[in-house]
Amino acid sequence: MIKVLSYFMERRLVTNMFLAMLLAIGLVSFTSMNREAFPKVTLDKVVVQTPYPGGTPEEIERLISIPLEKQLRSVSNIKEVRSYNLENVNVIMVFLNEGLPDTRIVVDDIKDAVERTTLPPGTITPTIEEITTDKQQVVDIAFSLKKNPDKVPGTEEYRILRDTAKVFEDKLFELNDVAEVERFGYRNRQFLVEADPKLLNAKRIGLNQLLNALNLRNIDMPSGVIRLNGTEYLLRTRGQFDEAFEMRTVPIVGNATGFMTVLQDVAKVFDTYEDPTIYERFNGSHVIVLRVWKTETADIITTANAAKTVVEQMKERHPDVQVSTFLDQSSEVVRQINDLILNFITGFILVVAALFFILGFRLSMVISVAIPSIFMIAFTLIHLAGLTINTITIFALVMVLGMMVDNSIVVAENSFRLLQEGQPRSQAILNSLKEVVAPLIVTMLVISSAFAPLLFMSGIIGKFVFGIPAVILIVLFVSLVFALVFLPAWLNTFLPKQSRSHLSEDDEEQGGFGKIVKLYRKTMTIALRYRYIVIGGFTVFFFGLLILAGRFLPFILFPSGGEDQIDIRTYAVQGTTLEQNLA
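Because the structure is predicted, anything quoted here is derived from the model rather than measured. (Residues numbered from 1 in each chain as written. Predicted model: local features only at pLDDT ≥ 70, side-chain atom pairs only at ≥ 80, totals over all residues. Heavy atoms only, no water.)

Novice: Looking at this structure, I do not really get the overall build of the chain. What am I missing?
Specialist: Assigned secondary structure in the chain consists of 20 helices and 16 strands. The dimensions of the chain, computed from C-alpha atoms along their principal axes, are 125 × 60 × 55 Å. Looking at the chain as a whole, 36% of its 583 residues qualify as buried. A separation threshold of at least 6 residues defines the contact pool for the chain, and within that pool the share at least 24 residues apart is 76%. With 56 positive and 62 negative side-chain charges, the chain shows a spacing of 5 Å between the two charge centroids. (Helix = DSSP H or I, 4+ residues; strand = E, 2+ residues; numbered from the N terminus. Buried < 20%, exposed > 50% of the residue type's maximum accessible area, 1.4 Å probe, protein only. Contact = heavy atoms within 4.5 Å. Lys, Arg positive; Asp, Glu negative; His and termini not counted. Charge placed at Lys NZ, Arg CZ, Asp CG, Glu CD.)

Below, the structure written as structure tokens:
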């Protein structure tokens, strides 16, 4: 191994070219890594939701829940199934076995089992969704009226809000990184028919006749083909209502003489919207909210900036509507990246200052340049490991920032010491590697053994924290390789070929750092003289701290505090209307 290290040390051009190539690859990897709030994690859960309008919990359990559960028993790799039978809907939570390499196979089997289930008439098609973090929330956009925003909007006012939100939604879907735009407070359009009982009685028309006439008219279906002059044409019946006025001329009854009663003779038709089941409010204004979700491979900062750019470009076209953005998830990622950069700069300055105080200007600058170099090379392996820049990996990078330069300090300081003792530069560096290579490898293995078990932690928490040990181990490995392979070539370039003065014991105690060395030497002399007392005292102190920690130090996996959102829930008596809740 020493021969290999000696080869890289002596052939400085080859070593520096190799390093430059690694740095270029690392820079490309860093710029191409996605930035997101949380790592991509599969939660090993699948939700099957089956709406059954008008069904009671007892009916839903008997007609939907039990048949679905029987079919799901045939699916393998299912750990547990939980059913929740509510009014109008059945929700089944399927828990998968942990550690599955590909959950899509199990999800497809669940879909097949649901399709095989015989459900009662009137059941809406079940939805099957796997719970993952692949699709992440980016930013929310609120639309409110500038005039009387605190009042519940009427039909025409709501139409303005809804049409504006629809235009923005269509524009947001043009962005390649947008996976979904979720709507809140967005009510479906409906045509309301208000029949007059007196007119119905006068015309001898029943409600069933009226409903049947509308159903037979409101259709859109294929009607076969027609062949004409050797050409085949597709026929299609297009009769679905697009506007309310189209319904007013629908014939209800007629006779042989041509007399006909149409819908507007017995009823009024209103172009309106569904009754609200929830009111969305933002800063005291009634709003429609669009929530933007990004795709799995999209960068959250890029997606958020693109969405906000669309908002800024289009808001001027709608002067009656106030458009606001909130819950921007990219801002937290930007803050964390800025914190990492600040910690990096602070650590860099402190390292340079400490090394300059101890080793002088030349060695301190050589070692300081190692910090960004190790970072860039490490980003290549982090990217290859499938990790992204998120809360977890940034935390790991901040944690390992102070450890990455330790190996380089040991190699550089020991080489400089041997150089001061009179050895030639190349020989001093080579002898330094012989002395420290084994201790450095053992040190890295010991530190790695403390983090490696986190790689195999099971459960959802294990999947979330996987990035911490992975990033730390990668950076420690790169730090070791850099200190043994690339740093010696730098030292063989920037250190003097021969020290002008030889280091003696008295020289070590000169200057500011010499006082620290002198104090340390006296402390160690006393500790070695009374070694049994020191060992005994340290043992008592150590186990005493363990007892105190076990007695008074509580274990909290996730500490409270630092929340940026507060949820307030109020409960009213049954039958309370939305308007009363607003009062």
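Novice: When you look at unusual backbone geometry in this model, what are you seeing that I'm missing?
Specialist: Peptide bonds are, in most cases, trans, and in most cases residues other than glycine have a negative phi. In this structure, Asn77 takes a positive phi of about 65 degrees despite not being glycine. With respect to the helices and strands, Asn77 occurs in the loop between helix H3 (57-72) and strand E2 (78-86). At Leu327, a residue that is not glycine, the phi angle is positive and equals roughly 50 degrees. Of note, Leu327 is situated in the loop between strand E16 (321-326) and helix H10 (330-359). Residue classification places Leu327 among the partly exposed positions, given a relative accessible area of 31%.

Novice: Quick question: what am I supposed to make of the packing of H3 against helix H4 (residues 104-116) here?
Specialist: What describes two packed helices is the angle between their axes and the distance between those same axes. The N-to-C vectors of H3 and H4 enclose an angle of 135 degrees; their axes lie 9 Å apart at closest approach. Taken together, the axes of H3 and H4 are oblique relative to one another. Considering the relative orientation of H3 and H4, their crossing is right-handed. Where H3 abuts H4, its residues Leu68, Gln71 and Leu72 lie against Ile110, Ala113, Val114 and Arg116. Residue composition of the contact of H3 with H4, by class: five nonpolar, one polar and one charged. (Axes fitted to C-alpha atoms, helices over the stretch in contact; angles between N-to-C directions. Parallel < 35°, antiparallel > 145°, perpendicular 65-115°, else oblique. Left-handed = near helix turned anticlockwise from the far one by under 90°. Nonpolar A, V, L, I, M, F, W, Y, C, P; charged D, E, K, R; others polar.)

Novice: What is the right way to look at the nonpolar core in this model?
Specialist: Phe143, Phe482 and Leu491 are the most contacted members of the largest nonpolar core, which has 91 residues in total. The greatest single-element share of this core, amounting to 18 residues, is contributed by helix H16 (residues 467-494). Once you skip the residues sitting within four places of it in the chain, Phe482 turns out to touch Leu19, Ala370, Ser373, Ile374, Ile377, Ser408, Leu487, Pro488 and Trp490. Counting residues in each nonpolar core, the second largest holds 17 residues, with Tyr52, Ile64, Val94 and Ile110 among its members. (Core = buried A, V, L, I, M, F, W, Y, C linked by side-chain atoms within 4.5 Å.)

Novice: What's the story with the sheet that holds strand E3 (residues 89-96) in this structure? I'm lost.
Specialist: Each strand in a sheet pairs with its neighbour through backbone hydrogen bonds, running either in the same direction (parallel) or in the opposite one (antiparallel). If you trace the four strands from one edge of the open sheet to the other, you get E2-E3-E1-E4, paired in antiparallel fashion. Bordering the open sheet on either side are E2 and strand E4 (127-132), each of which pairs with just one other strand. Ignoring strand direction, the axes of neighbouring strands in this sheet form an average angle of 20 degrees. Looking at chain direction, strand E1 (residues 42-51) and E4 are connected through five bridges and run antiparallel. Paired with Val46 across the bridge in E4 is Glu130. The strands that H3 touches are E1, E2 and E3; relative to E2, the one it contacts most, it runs at about 165 degrees. (Pairing = 2+ DSSP bridges.)

Interpretation note: all reported values are geometric properties and have no functional meaning in isolation.
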